[in-house]
Amino acid sequence: MRTSYKTKLLLAIGFVSALLIAGCVDTSVNPIPDNIEYSSQIKVVNLVTGAGVASLTLNGQSLGSADFGSEAPGSGNGFLTITSGSKTLAASFATGGNNTYKFAAQTEKKFRVFLVGNDTLNSAVIMTQRYIWQTKDSKEGEALFPDGFGWVAFFNGSSDAVLNSVSVDGTQTTFTGGLAMGKAKGYIKLTAGSHSIDILYNDTEHITFDYTVQSKGRYTVVVFGQDTGGGGSKSPLDIQYSVFTDD
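Residues numbered from 1 in each chain as written. Predicted model: local features only at pLDDT ≥ 70, side-chain atom pairs only at ≥ 80, totals over all residues. Heavy atoms only, no water.

Let's talk about the sheet that holds strand β2 (residues 54–58)
Phase 1 of the analysis: Read from one edge to the other, the open sheet built from four strands follows the order β3-β2-β6-β7, with strand pairing classed as antiparallel. The open sheet has two free edges, formed respectively by β3 (61–66) and β7 (97–105), since each of these has just one partner strand. Each adjacent strand pair in this sheet contributes to an overall mean axis angle of 20°, direction not counted.
Phase 2 of the analysis: Across five bridges, β2 lies against β3 in antiparallel orientation. Looking across to β3, one finds that A54 is bridged to A66. (Pairing = 2+ DSSP bridges. Helix = DSSP H or I, 4+ residues; strand = E, 2+ residues; numbered from the N terminus. Axes fitted to C-alpha atoms, helices over the stretch in contact; angles between N-to-C directions.)

In structure tokens form, the structure reads like this:
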């Protein structure tokens, strides 16, 4: 049977179209990867009373050591970038034995792990700060880093203190029900410059200090230690504070 004119024409059009489509394929495009590896950023803070210096490893990787009231990586060093997912943090304390803590490093999040408690009973508390891609110079980070302002958060790492409120330059923010150990108050927006901060804890006790907030800076004030009952003579373990730089 002879092929009709219309059939020949359709076959010819189809052949030419196939050639055109093949010519449009971009062979320079990278192939889709089999899997995507997500990242997180982390620091670990040692607030375990009476346990001494903590030597830290995360999934077998050494993070170095952190003194009581200090963090690893240490002050002045950036947060450590790790793969997201399930983690095992091992802490070997100078005078308080060993412990391991399991947690999930949330995808694309920047956070601190606070080790709280004492040398016989301690745990890990995570405080998330932001997505790692919300940086000072990115469009996604504009709301977090307004020019001329900074942010201060508060974390209670002491089993002997309940934080009742914080006053900044006389303006009080009350913590409803109080902040017990392991609890936090999210970021308070402050103008850049020096501020007088007063933390009321255990209904009658105060921590007062001045702190200079940088434009686009983000900080976490941490209360830690224990009530040693030393009166006027302060012990290194007494209720105290530190200010950690987040950004």
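Some remarks on the side chain of S158
Phase 1 of the analysis: Along the chain, S158 falls in the loop between β10 (149–156) and β11 (163–168).
Phase 2 of the analysis: Of note is the side chain of S158, whose polar atom sits 3.4 Å from the backbone nitrogen of A161.
Phase 3 of the analysis: Contacts of S158, omitting those with residues within four sequence positions, involve M181, V223, F224, G225, Q226 and I239. (Polar contact = N/O pair within 3.5 Å; in protein donor to acceptor, adjacent residues only side chain to side chain. Contact = heavy atoms within 4.5 Å.)

Some details on the pattern of salt bridges
Two side chains that carry opposite charge are able to pair once their charged atoms sit near each other.
Phase 1 of the analysis: This structure, assessed with the given rule, holds six salt bridges.
Phase 2 of the analysis: We note a salt bridge from K110 to D247, for which the minimum N-O separation is 2.9 Å. With K110 in strand β8 (residues 109–118) and D247 in the segment after β17 (240–245), the pair connects residues that are 137 residues apart, well separated along the chain.
Phase 3 of the analysis: Note on D247: relative accessible area 17%, which makes it buried.
Phase 4 of the analysis: Salt bridges sharing partners connect three or more residues here, namely K43, E71, R112 and D246. (Salt bridge = Lys/Arg side-chain N within 4 Å of Asp/Glu carboxyl O. Buried < 20%, exposed > 50% of the residue type's maximum accessible area, 1.4 Å probe, protein only.)

So, the sheet that holds β11
Within a sheet, neighbouring strands are paired by backbone hydrogen bonds and run either parallel or antiparallel to one another.
Phase 1 of the analysis: On the basis of which strands lie adjacent, the open sheet formed by four strands has the order β12-β11-β14-β15 and antiparallel pairing. Strand pairing shows two members of the sheet lacking a second neighbour, β12 (171–179) and β15 (205–213), which therefore form its edges. With strand direction ignored, the average angle separating the axes of adjacent strands in the sheet is 20°.
Phase 2 of the analysis: Strand direction decides the pairing type here: strand β14 (residues 193–201) and β15, joined by nine bridges, are antiparallel.

Looking at unusual backbone geometry
Phase 1 of the analysis: Between A72 and the following residue, P73, the backbone shows a cis peptide bond with an omega angle of -10°.
Phase 2 of the analysis: Within the secondary structure, P73 sits in the loop between β4 (70–72) and β5 (80–83).
Phase 3 of the analysis: At N202, a position not held by glycine, the phi torsion is positive, near 50°.
Phase 4 of the analysis: In this structure, N202 sits in the loop between β14 and β15.
Phase 5 of the analysis: Note on N202: relative accessible area 28%, which makes it partly exposed.
Phase 6 of the analysis: Even without a glycine there, the phi angle at K216 is positive, about 70°.
Phase 7 of the analysis: Relative to the elements of secondary structure, K216 occurs in the loop between β15 and β16 (218–224).
Phase 8 of the analysis: For K216, a relative accessible area of 26% corresponds to the partly exposed category.

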